[in-house]
Amino acid sequence: MKRSYKTYIKAVLFFILLALTTDGFCYQNITIRGNVKYLGDKVKPNALCFEYDDMLSGNKVLVPVITDTKGNFDLNMQINYCQEINLSRIITYNGKAIDGVKYTSFFARPGQAMQLTCTFTATGDFTVSFKGDVATENNQYQDYLRALDKPDLRYYIPLSKQSPGADYHKVGQIVLSNYNNILNFNTGYFKTHNTNPFVKQQVTNNLIYSAAHNFINLMPPDKTTDSILLDFGKAIHLNINNPGALGNSFYKDFIHDYHSLLLKSVKGKSPYFKETEFAKYILDNGSGLTAADRDLLLKKADTTKQLNKKESDRFLNLMGRNVNDYFATLEHNLSDFDFFLQLKDTYQRDLFATITLYKLIDSRQFAYIKPNLNSYKATVKNVTFKNSFLSAYQKQDEVLNGSKLSPKSIIYIPDNLKGLELFNTIIKKYNGKAIYVDFWATWCGPCIAEMEFSKKLREQLAGENIVFLYVCLSSPNTNDWKRLIAAKNIEGENYFLDFEQSAVVSKQFSINTIPRYMIINRVGETVNHDAKKPSDSGTLNELEKLLR
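What counts, and at which threshold
Residues numbered from 1 in each chain as written. Predicted model: local features only at pLDDT ≥ 70, side-chain atom pairs only at ≥ 80, totals over all residues. Heavy atoms only, no water. Helix = DSSP H or I, 4+ residues; strand = E, 2+ residues; numbered from the N terminus. Buried < 20%, exposed > 50% of the residue type's maximum accessible area, 1.4 Å probe, protein only. Pairing = 2+ DSSP bridges. Axes fitted to C-alpha atoms, helices over the stretch in contact; angles between N-to-C directions. Contact = heavy atoms within 4.5 Å. Core = buried A, V, L, I, M, F, W, Y, C linked by side-chain atoms within 4.5 Å. Phe/Tyr/Trp six-rings, centres within 6.5 Å; stacked < 30°, edge-to-face > 60°.

**Considering the overall build of the chain**
A count of helices and strands for the chain gives 19 helices and 14 strands. When burial is assessed residue by residue, the chain has 48% of its 548 residues classed as buried.

Quick look at the structure:
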């Protein structure tokens, strides 16, 4: 009785702590110490990591497990509520850890320390045990996962094995059958195993939210609606508002599924704007405008005048070149954000509005956030969500708008260069050197993602007789261009071509998609019109051969 009383008190204290950590924003370190034993060569040393997906941003948080010669490790991770963490095998891309293949998962609480011992056998199987904080819960959770490890008991239903079509009832039957199989197993398991209340709650969360995830993913996207999901949810006791499950992996998957489902009702709606005001904005802020462009915009801005068909087509082209920058100045420029901000359920309002803005932080629509900050701050009440997002926004804003150009980032705006000789005139400056050309744009996500790898390529070829030439095409303005050069540390020769110049170069080299790369030898001959991107392992080899 004494032992069970202590267990009960620990469980009560845990749930009090959990409630506290979900009400206030508080990123804290957790300490994980332990030992990894490798009894075979199926798993390589230092090939492990601890990782989880952040609920609000959706970003991967990954910390490699670096062991000493005896297999010992000691590391810290940041979490802001009770968090499920995966012990995984690292997946690398160009030498960088980007993801993990899960072996198992466990739970950690902010500010606490835990000890983990993991042994990999010669066959690649593993055992894991815990000491320190959260040890009782995690050891019991591992026992449960091992017992559940049967072919007919899987939380997620493989999509390839089921083809229910669009029949809501058939999908429901498939998911409920899987749900009931695991529910019956859980009922029997907990009758014969003394299990901590927290573990039971997480197992229940796993069951309910994996079933909801399965239902959404088995239904064709164009047939799934909010009402259909909620109708099905009654059978599995689905509770969307569950702040105690914020760190649960299955809950996170479901929430992002549900967020995407709700977005379907507002998809495709554009901000309201007046074309006359748009014309005035382009006049004041547009780059690369010709005299004819300005005359056209002045005519459009005059409400007493009408454009003919040819003029209207030209104005639409000017709008397309400046639409992202103009929309970034408008209030209510995010119809999906406005939709979530008007939800009556305060938990869902705060959660989904925050997720919506978080998704823009690393996108080319980052500037869209600023006009919505005041309404976000005034409406969203959840301190955890709000402070987490505002902190991330401030950091990204400092990176994009507070970064200074490196002395090695040389910029050119060659307004005087026209026609087919434009590009040839640019590269003549670098005669006697090999050139790696990067055609990109400020609005191109894949282009910007490659800049990190381009930096690594520059470092690997430092001191060699090569020029890195970055040519920015079809981008709205030079301000964003300069900010990105500074933020992404794009050191090298940087050229900004206006829309007319971009059209000439794009036609000259048949550039239909970007990013696009070219390699030019020391005598100015293009040796590869469609070269590999910086992240490709073959790019370095190709350039090194050219430099020999």
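**Here's the deal with unusual backbone geometry**
Trans is the prevailing form of peptide bonds, just as negative phi is the prevailing case for residues other than glycine. Note that the residue after isoleucine 514, namely proline 515, is joined by a cis bond; omega there is 5°. By the element assignment, proline 515 lies in the loop between helix 18 (499-508) and strand 13 (516-520). For serine 474, which is not glycine, the phi torsion reads 45° and is therefore positive. Here serine 474 shows up in the loop between strand 11 (466-472) and helix 17 (478-487). Owing to a relative accessible area of 28%, serine 474 belongs among the partly exposed residues under this scheme. The phi angle at serine 510 is positive, at roughly 50°, despite the residue not being glycine. Inspection of the secondary structure puts serine 510 in the loop between helix 18 and strand 13.

**Considering the sheet that holds strand 12 (residues 492-496)**
Ordered by their spatial adjacency, six strands build an open sheet running 9-12-11-10-13-14, and the pairing between neighbours is mixed. Strand pairing shows two members of the sheet lacking a second neighbour, strand 9 (409-412) and strand 14 (526-528), which therefore form its edges. Taking each pair of neighbouring strands and ignoring which way they run, the sheet shows an average axis angle of 25°. Alignment of strand 13 against strand 14, held across two bridges, turns out to be antiparallel. Within strand 14, the position partnered with isoleucine 519 by the bridge is asparagine 528. On top of the sheet, helix 16 (residues 451-460) reaches strand 10 (434-440) and strand 11; it is set at about 160° to strand 11, its chief contact.

**With respect to the sheet that holds strand 8 (residues 126-132)**
The mixed open sheet is built from four strands, whose spatial order is 4-1-7-8. Both edges of this open sheet fall to strand 4 (72-79) and strand 8, since each of them pairs with a single strand only. Sheet twist, expressed as the average angle between the axes of neighbouring strands with direction ignored, equals 25°. Inspection of the sheet shows strand 1 (residues 28-38) paired to strand 7 (residues 113-120) by eight bridges, in the parallel sense.

**Considerations on the nonpolar core**
Residues Tyr144, Phe254, Ile255, Phe389, Tyr436 and Trp440 are the most contacted members of the largest nonpolar core, which totals 112 residues. In terms of residues, this core owes the most to one element, helix 4 (residues 197-218), which gives eleven residues. Counting 22 residues, the second largest nonpolar core, distinct from the first, contains Met77, Leu87, Phe106 and Phe120.

**A few points about the environment of glycine 286**
Considering the arrangement of structural elements, one finds glycine 286 in the loop between helix 7 (275-285) and helix 8 (291-301). Here glycine 286 falls in the buried class, since its relative accessible area comes to 16%. When the C-alpha positions of glycine 286 and proline 476 are compared, they lie 6.9 Å apart, and in sequence the two are 190 residues distant.

**Concerning the packing of aromatic side chains**
Aromatic ring pairs are described here by two measures, namely the spacing of the ring centres and the angle between the planes. Per the counting criterion, the structure on display carries 40 aromatic pairs. Seen in terms of ring centroids, phenylalanine 106 and phenylalanine 130 are 5.3 Å apart; in terms of plane orientation they differ by 50°. Their pairing is tilted. Of this pair, phenylalanine 106 sits in strand 6 (residues 96-108) while phenylalanine 130 sits in strand 8, placing them 24 residues apart in sequence. Relative to phenylalanine 185, the ring of tyrosine 144 has its centre 6.1 Å away and its plane inclined at 50°; by these criteria the two rings are tilted. Of the two residues, tyrosine 144 is situated in helix 2 (residues 135-148) and phenylalanine 185 in helix 3 (residues 168-192); the sequence distance between them amounts to 41 residues. Taken as a pair, tyrosine 144 and phenylalanine 185 share a single burial class, namely buried. Among the aromatic side chains, those forming a connected cluster through ring pairs are Phe107, Tyr141, Tyr144, Phe185, Tyr189, Phe190 and Phe198.

The values reported here are purely geometric and, on their own, carry no functional implication.
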